[in-house]
Amino acid sequence: MSAGSQEEAPGGGPTVLRILLGSQLRKLRESRGITREAAGYEIRASGSKISRMELGRVSFKERDVADLLTMYGVSDSAERDALINLARQANNPGWWQHFSDVLPGWFQAYLGLEAAASLIRTYEIQFVPGLLQTPDYARAVIMLGHAGATADEINRRVDVRLQRQQILTRSGGPQLWAVIDEAVLRRPIGGVEVMRAQIEALIEASKMPSVRLQIIPFQAGGHAAAGGPFAILRFPEPELPDVVYVEQLTSAIYLDKREDVDHYAMAMERVCIDAEPPNHTPEILGKLLNEVGRPA
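Residues numbered from 1 in each chain as written. Predicted model: local features only at pLDDT ≥ 70, side-chain atom pairs only at ≥ 80, totals over all residues. Heavy atoms only, no water.

**Q** Looking at this model, I keep getting lost on the nonpolar core. Mind explaining?
**A** For soluble globular proteins, nonpolar side chains are generally found buried alongside one another. The biggest cluster of nonpolar side chains holds 50 residues, and the ones touching the most others in it are Leu132, Leu185, Phe235 and Leu285. Core analysis: the second largest hydrophobic core is formed by 22 residues, Leu21, Ile43, Leu83 and Ala90 among them. (Core = buried A, V, L, I, M, F, W, Y, C linked by side-chain atoms within 4.5 Å. Buried < 20%, exposed > 50% of the residue type's maximum accessible area, 1.4 Å probe, protein only.)

See the structure below:
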């Protein structure tokens, strides 16, 4: 396990800790009727910097947190110590920062959320979800998007994917509920043997207590989430909203407004209904395995 594995405890990832601390600071500021601009001036920064801090999008200096707590009238030593300690923990690097040379910042943010989630619901129409990919399948997918990359870079990207998968067997790790379109399983990524091994791995994954896997068959026709793949992440901390993650070619969208999350949640519920029940998944995958490599 990587040196950063200690930061992978549920709810303990630095991304979520920053969000928690930012949320606490925002509540304290608003309770005192202090503007973001005034708070920014107090720590020799701008109002926009306070906004980024409160959204958990930047790291925290302990001195800045201490100054803000003083400004917000937090004098209780236990409360101050708890929040300053939270700032200290939030600045610990996640394991993925060792791969910052091959990971864009927008995806590192997702890895932080994924590591801290209690439930990950994902819908895929093109590839097997990254958390369920075999090394050879992952390599084939990565090479599709990074054809000019060096062998070392490809290897490092595969390593990231494999380290991500450790959360599924970690004590107290998240539950993964994945819905996969049948087209994903009929697309021979990496060739016949790679695809056969991937389907076999999915059969085994479907038996894991932390995984719920459903397949949407072709005969289901059109469905509510036909626009593209997405993931919805839920966290053990009740004050944190669900986050929708929509990946694009060179960036990603993160949505946490209630109306946006509700829209995607309804689409997810719809595809779960359109998909075959989870207890049918091993049988469906077994039939597909028998068909892979046969002439059309």
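Once the structure has been displayed, the description carries forward.
**Q** Please clarify how the domain arrangement of the protein chain should be interpreted in this entry.
**A** It is common to give the size of an interface as the accessible area that goes away when the parts come together. By the assigned domains, the protein chain splits into domain 1 (14-91) and domain 2 (98-291). Spacing between the C-alpha centres of domain 1 and domain 2 amounts to 34 Å. Listed as interface residues are five residues of domain 1 and, on the opposing side, eight residues of domain 2. Between domain 1 and domain 2, a total of about 560 Å² is buried, with carbon and sulfur atoms accounting for 78% of that surface. Three residues stand out in domain 1 for area buried against domain 2, namely Thr15, Val16 and Leu20, and they jointly supply 71% of the buried area on that side. (Domains from an automatic or database assignment. Contact = heavy atoms within 4.5 Å. Buried area = accessible area lost by both parts, 1.4 Å probe.)

**Q** Whenever I open this one, the side chain of Asp242 confuses me. Can you help?
**A** By secondary structure assignment, the location of Asp242 is in the loop between β4 (230-234) and β5 (243-247). Its relative accessible area of 13% is what places Asp242 among the buried residues. Among the polar contacts listed, one links the side chain of Asp242 to the side chain of Arg234, at a separation of 2.7 Å. When neighbours within four sequence positions are excluded, Asp242 is seen to be in contact with Arg121, Ile232, Leu233, Arg234, Leu255, Asp256 and Val261. (Helix = DSSP H or I, 4+ residues; strand = E, 2+ residues; numbered from the N terminus. Polar contact = N/O pair within 3.5 Å; in protein donor to acceptor, adjacent residues only side chain to side chain.)

**Q** Can you help me understand the pairing of strand β2 (residues 175-181) in this one?
**A** Within a regular strand, the side chains alternate between the two sheet faces. With five of seven residues buried, β2 is to be regarded as a mostly interior element. Summarising the sheet, strand β1 (residues 119-124) and β2 pair through six bridges and their orientation is parallel. Each bridged residue has a counterpart across the sheet, and for Thr122 the counterpart in β2 is Ala178. With six bridges connecting them, β2 and strand β3 (residues 211-216) associate as parallel partners. Bridge pairing in β3 places Val179 opposite Gln214. (Pairing = 2+ DSSP bridges.)

**Q** What is the right way to look at the environment of Pro217 in this model?
**A** Along the chain, the position of Pro217 falls in the loop between β3 and β4. Through-space distance from the C-alpha of Pro217 to that of Ile284 is 9.2 Å; in sequence the pair is 67 residues apart. What Pro217 contacts, discounting residues up to four positions off in sequence, is Glu182, Asp274 and Glu276.

**Q** What exactly am I supposed to notice about the UniProt feature "domain: HTH cro/C1-type" (unreviewed entry) in the protein chain here?
**A** If you check UniProt for "domain: HTH cro/C1-type" (unreviewed entry), the listed places come out as residues 24-79 in our numbering. For residues 24-79, the helix share is 64%, the strand share is 0%, and the end-to-end C-alpha distance is 11 Å. (UniProt positions renumbered as here; feature names shortened; annotations may be inferred.)

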